[in-house]
Amino acid sequence: MTFDRSLKIAPSILSADFANFGAEIEAVEAQGADWIHVDVMDGHFVPNITFGPQLCKAIRKHINTVMDVHLMIAPVDPYIQAFADAGADVLTVHVEAGPHIHRTLQAVRAAGCKAGLALNPGTPVEAVAPLLDMVDLICVMSVNPGFGGQKFITSQVEKIRQLRAMIGDRPINIEVDGGVTPETAPLVREAGADVLVAGSAVFNGGSVSDPAPYGQNIRAIRTACDVLV
Ligand code: DX5
Ligand code: ZN
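Residues numbered from 1 in each chain as written. Chains lettered and ligands numbered in written order. Predicted model: local features only at pLDDT ≥ 70, side-chain atom pairs only at ≥ 80, totals over all residues. Heavy atoms only, no water.

Concerning helix 8 (residues 212–226)
We apply this condition: Secondary structure counts use DSSP, requiring at least four H or I residues in a row for a helix and at least two E residues in a row for a strand, with both numbered from the N terminus. Helix span, as expected, comes to 1.5 Å for every residue beyond the first. Here the term buried applies to any residue with accessible area under 20% of the maximum for its type, exposed to any over 50%, and partly exposed to those in between, with areas from a 1.4 Å probe on protein chains only.
When the terminal C-alpha atoms of helix 8 are compared, their 21 Å separation across 15 residues agrees well with the 21 Å that a helix rising 1.5 Å per residue should span. Every buried residue of helix 8 is accounted for by Pro213, Tyr214, Gly215, Asn217, Ile218, Ile221, Ala224 and Cys225.

Overview of the coordination of the zinc ion (ligand 2)
Defined as follows: Metal coordination here is assigned from N, O and S atoms located within 2.8 Å of the ion, or within 3.2 Å for Na, K and Ca; omission of water means that sites may look incomplete.
Protein coordination of the zinc ion (ligand 2) is provided by His37 (NE2), Asp39 (OD), His70 (ND1) and Asp177 (OD), with donor distances spanning 2.0 to 2.3 Å. On the primary sequence, the residues serving as donors to the zinc ion (ligand 2) are separated as H-x1-D-x30-H-x106-D. A residue pair is termed long-range when its members are at least 10 positions apart, and His70 in strand 3 (residues 67–72) and Asp177 in strand 7 (residues 173–177) qualify at 107 residues. Residue Asp177 is classed as buried on the basis of its relative accessible area of 8%.

Focus: the pattern of salt bridges
Rules: Only one rule defines a salt bridge in this text: a Lys or Arg side-chain nitrogen within 4 Å of an Asp or Glu carboxyl oxygen.
In the structure shown here, the tally under the stated rule is eight salt bridges. One salt bridge connects Asp194 with Arg5, and the closest N-O pair in it is separated by 3.5 Å. With a gap of 189 residues between them, Asp194 in the loop between helix 6 (185–191) and strand 8 (195–198) and Arg5 in the segment before strand 1 (8–11) connect regions that are remote in the sequence. You can call Asp194 buried: its relative accessible area is 0%.

Below, the structure written as structure tokens:
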């Protein structure tokens, strides 16, 4: 994984067919996905349950791009090694997930993963200031985590802009997660985001047997951002 600020679309498999993850991942990669975003939820940190490290390990062999694992779990420290062993390239933890985020980020890098740090919509951008030299990616949540298909929270655009200024020339990707569509994507791209997570906006209308809509949906997000350059 090399660092750059080019636009990357990361479909979230939260909106894929849960009975067919391997084929869904292969289909969406063939249709132009840059990364695969994997939402891990525990029913405690967020009000929904998805899957754990065994599922991540099973789908790893179907991913040819980047496995971007978003941990919405607390506690998180006891599970870092298991998700690293499952093959996560990027392992993102929430700044709100525990009292010792500094130690958690050290553990993610020690496990050999790129370290991602996510902020809920209600968390101020200043929370990441002491941690900038410990992270490879910062994920600005533009919905309250837990579910796909929620409405984009517009106030997060300004947070992205402030974050972009804070980061300066550090090699840190800015990811945006939640409610990304062809309408909202240009707002976050212009503010400084480079990884756009999209669940429903990518998987809507397609399927493994009819994957062309995945490609159309990905291109619609890209094209909406292209007008900026
Ligand atoms: C929300 C997840 C997101 C979600 C995005 O808790 O972290 O990755 O799947 O879904 P959409 O794009 O449908 O908002
Ligand atoms: Zn996510």
